[in-house]
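# An overview of the molecular structure
So you can see what is in the structure, the chains are spelled out below.
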Amino acid sequence: MRNNSEVNKLNLKETQMAIKSLKDYFQRDLANTLNLARISAPLMVRPETGLNDNLSGSERAVNFDIRNYGINVEIVQSLAKWKRNALKEYNFKSYEGLYADMNAIRPDEVLDNIHSVYVDQWDWEVIIKEEDRTEEFLKLIVREIFEVFKRAEEYINQVYPHALSKKLPEDIFMITAQDLEDLYPNLTAKEREREIAKEKKAVFIMKIGRNLKSGIPHDVRSPDYDDWDLNGDILFWDEMIDNAIELSSMGIRVNSDSLMKQLEESDKMDRLSLPYHQKLMKGELPPTIGGGIGQSRLCMFFLEKRHIGEVQASVWDEDTIRECEEKEIFLL
């Protein structure tokens, strides 16, 4: 990690302007690269639809009653399932897709310099063909997205050459979660991520969700959107925090067979009664690939910040605020 004296910081005004410039550039390029149309997305959904993301299954969704209707709603935790349904409802065709701003509140998040109770990301989804449900196609899309990251880095570094440096390698390294465990059998999952990211600078860890040889998964994933054999995370090495930082989680989505298998493995068969899952089992939803790309983490990484609170306005306790002040970290 760099010392405070070695950090060429953007000031508060420059940071705010840089956030806008970087986000605008990135989402335009992402949309052009993956053939995405920007659409409006819900901030809340009714839980009985099955459209909300259950994440690992233990996080509480923020919920409240709408007085006028007398119904309960939940703040979305991601748009993973909603997007796939929207592609069908809006009559998108093969290789057409959508993206939307997703804003969530996750009160159970373990907060640190890269985790906030406020989550903002671009959620994207593209209709594919059934024959595209392969590891080769997944890798193709990962490489296309990585090129968007590289172009965004080149752009923002040209705007602020006095403050920013090149961080990404020419290519992204790809490895399965099991191969990564085999490589570092005595390390935890997060320690393995740190080691491989430090070595390769950019890595896509594939096949996340199912138990590894150790008996535990690399990370817990909801069983009803990503196919655990066709998904993964994009991580970069962040010198400012001396650690790996995850920028995106993505994957080819479940079909009826993989949904049933994953619900059985995770003991979540009760979800089959929900409207979304019934549509999927009946083949009424198109095959898709999709994911989320963290907006604040994107800005934190490329603008070389040490805390996510430097690029988003959230809530922090007094200890965090005091510690950041001592390190000359300016929270928004």
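Looking at an unreviewed UniProt entry, one finds the protein named Aspartate--ammonia ligase, with Anaerosphaera multitolerans as its source organism. The annotation that UniProt attaches to the protein under Catalytic activity (unreviewed entry) is "L-aspartate + NH4(+) + ATP = L-asparagine + AMP + diphosphate + H(+)". Per UniProt, the protein has the following entry under Sequence similarities (unreviewed entry): "Belongs to the class-II aminoacyl-tRNA synthetase family. AsnA subfamily."

### Description of a nonpolar patch on the surface
A cluster of nonpolar side chains, contributed by Leu43, Met44 and Phe64, occupies part of the molecular surface with about 240 Å² of accessible area. Along the chain, methionine 44 falls in strand S2 (residues 44-45).

### What to know about the nonpolar core
Core analysis: the biggest nonpolar cluster contains 53 residues, and Trp124, Ile145, Phe149, Phe236, Met250 and Ile289 have the highest contact counts within it. Residue assignment for this core shows that the elements contributing at least two residues are helix H1 (12-34), strand S6 (118-127), helix H3 (135-159), strand S8 (202-206), strand S9 (226-238), strand S10 (243-253), strand S11 (288-294) and helix H8 (295-302). With 10 residues, H3 is the largest single contributor of residues to this core. Look past the residues within four positions of phenylalanine 149 in its chain and what remains in contact with it is Phe26, Leu168, Ile234, Phe236, Leu247, Ile293, Leu298 and Phe302. Among the nonpolar cores identified, the runner-up in size contains 14 residues, and Val45, Trp82, Ala104 and Val119 belong to it.

### So, the pairing of S6
A large share of S6 lies buried, amounting to 9 of its 10 residues. Relative to S6, strand S5 (residues 97-105) is paired through 9 bridges, and the arrangement is antiparallel. Bridged to aspartate 101 within S6 is tryptophan 122. Note that S6 and S11 share 7 bridges and pair antiparallel. Bridged to tryptophan 124 within S11 is glycine 291.

### Topic: the pattern of salt bridges
Under the counting rule described, the total for this entry stands at 29 salt bridges. Here aspartate 101 and arginine 38 are joined by a salt bridge, their closest N and O atoms 2.5 Å apart. Linking aspartate 101 in strand S5 with arginine 38 in strand S1 (residues 36-38), this pair joins segments that are 63 residues apart in sequence. A relative accessible area of 47% places arginine 38 in the partly exposed class. A salt bridge links arginine 271 to aspartate 224, with the nearest nitrogen and oxygen atoms 3.0 Å apart.

### Here's the deal with a negative patch on the surface
Side chains of Asp317, Glu318, Glu325 and Glu326 sit close together on the surface and give a patch of like negative charge. Secondary-structure assignment places aspartate 317 in the loop between H8 and helix H9 (318-326).

### Let's talk about the sheet that holds S8
Ordered by their spatial adjacency, 8 strands build an open sheet running S1-S5-S6-S11-S10-S9-S8-S7, and the pairing between neighbours is mixed. At either end of the open sheet lies a strand with only one pairing partner, and these are S1 and strand S7 (173-176). Sheet twist, expressed as the average angle between the axes of neighbouring strands with direction ignored, equals 25°. In the packing of helix H2 (residues 80-89) onto the sheet, contacts are made with S5, S6, S10 and S11, and the angle to S6 comes to roughly 35°.

### Side note on the sheet that holds S2
Strand order in the open sheet formed by 3 strands is S2-S4-S3, with antiparallel pairing between adjacent strands. At either end of the open sheet lies a strand with only one pairing partner, and these are S2 and strand S3 (63-66). Of the strand pairs in this sheet, S2 and strand S4 (residues 71-75) are connected by 2 bridges, and their pairing is antiparallel. Residue pairing for S4: valine 45 is matched across the bridge by glutamate 74.

### Let's talk about the packing of aromatic side chains
Inspection of the entire model under this criterion finds 9 aromatic pairs. Seen in terms of ring centroids, tyrosine 25 and tyrosine 155 are 4.4 Å apart; in terms of plane orientation they differ by 5°. Their pairing is stacked. Here tyrosine 155 lies in helix H3 and tyrosine 25 lies in helix H1, a separation of 130 residues in the sequence. With a centroid separation of 5.0 Å and 85° between ring planes, the pair formed by phenylalanine 149 and phenylalanine 236 is classed as edge-to-face. Of this pair, phenylalanine 149 sits in helix H3 while phenylalanine 236 is found in strand S9, placing the two residues 87 residues apart along the sequence. Of the two residues examined, phenylalanine 149 and phenylalanine 236, each falls in the buried class. Against the face of phenylalanine 301 rests lysine 167, its NZ or CZ located 5.9 Å from the ring centre.

### What to know about unusual backbone geometry
A negative phi holds for most residues other than glycine; trans holds for most peptide bonds. Positive phi, close to 60°, is recorded for asparagine 35, a residue that is not glycine. With respect to the secondary-structure elements, asparagine 35 resides in the loop between H1 and S1. Note on asparagine 35: relative accessible area 43%, which makes it partly exposed. The phi torsion at asparagine 91 lies on the positive side, around 65°, for a residue other than glycine. With respect to the helices and strands, the residue asparagine 91 is situated in the loop between H2 and S5.

Here is what the cut-offs are and how they apply
- Residues numbered from 1 in each chain as written.
- Predicted model: local features only at pLDDT ≥ 70, side-chain atom pairs only at ≥ 80, totals over all residues.
- Heavy atoms only, no water.
- UniProt positions renumbered as here; feature names shortened; annotations may be inferred.
- Patch = residues over 30% accessible without salt bridge, like charges linked within 9 Å, V, L, I, M, F, W, Y side chains within 5 Å.
- Areas by Shrake-Rupley, 256 points an atom, 1.4 Å probe, with all protein chains shown as cover.
- Salt bridge = Lys/Arg side-chain N within 4 Å of Asp/Glu carboxyl O.
- Helix = DSSP H or I, 4+ residues; strand = E, 2+ residues; numbered from the N terminus.
- Core = buried A, V, L, I, M, F, W, Y, C linked by side-chain atoms within 4.5 Å.
- Buried < 20%, exposed > 50% of the residue type's maximum accessible area, 1.4 Å probe, protein only.
- Contact = heavy atoms within 4.5 Å.
- Pairing = 2+ DSSP bridges.
- Lys, Arg positive; Asp, Glu negative; His and termini not counted.
- Charge placed at Lys NZ, Arg CZ, Asp CG, Glu CD.
- Axes fitted to C-alpha atoms, helices over the stretch in contact; angles between N-to-C directions.
- Phe/Tyr/Trp six-rings, centres within 6.5 Å; stacked < 30°, edge-to-face > 60°.
- Lys NZ or Arg CZ within 6 Å of the ring centre and 35° of its normal.

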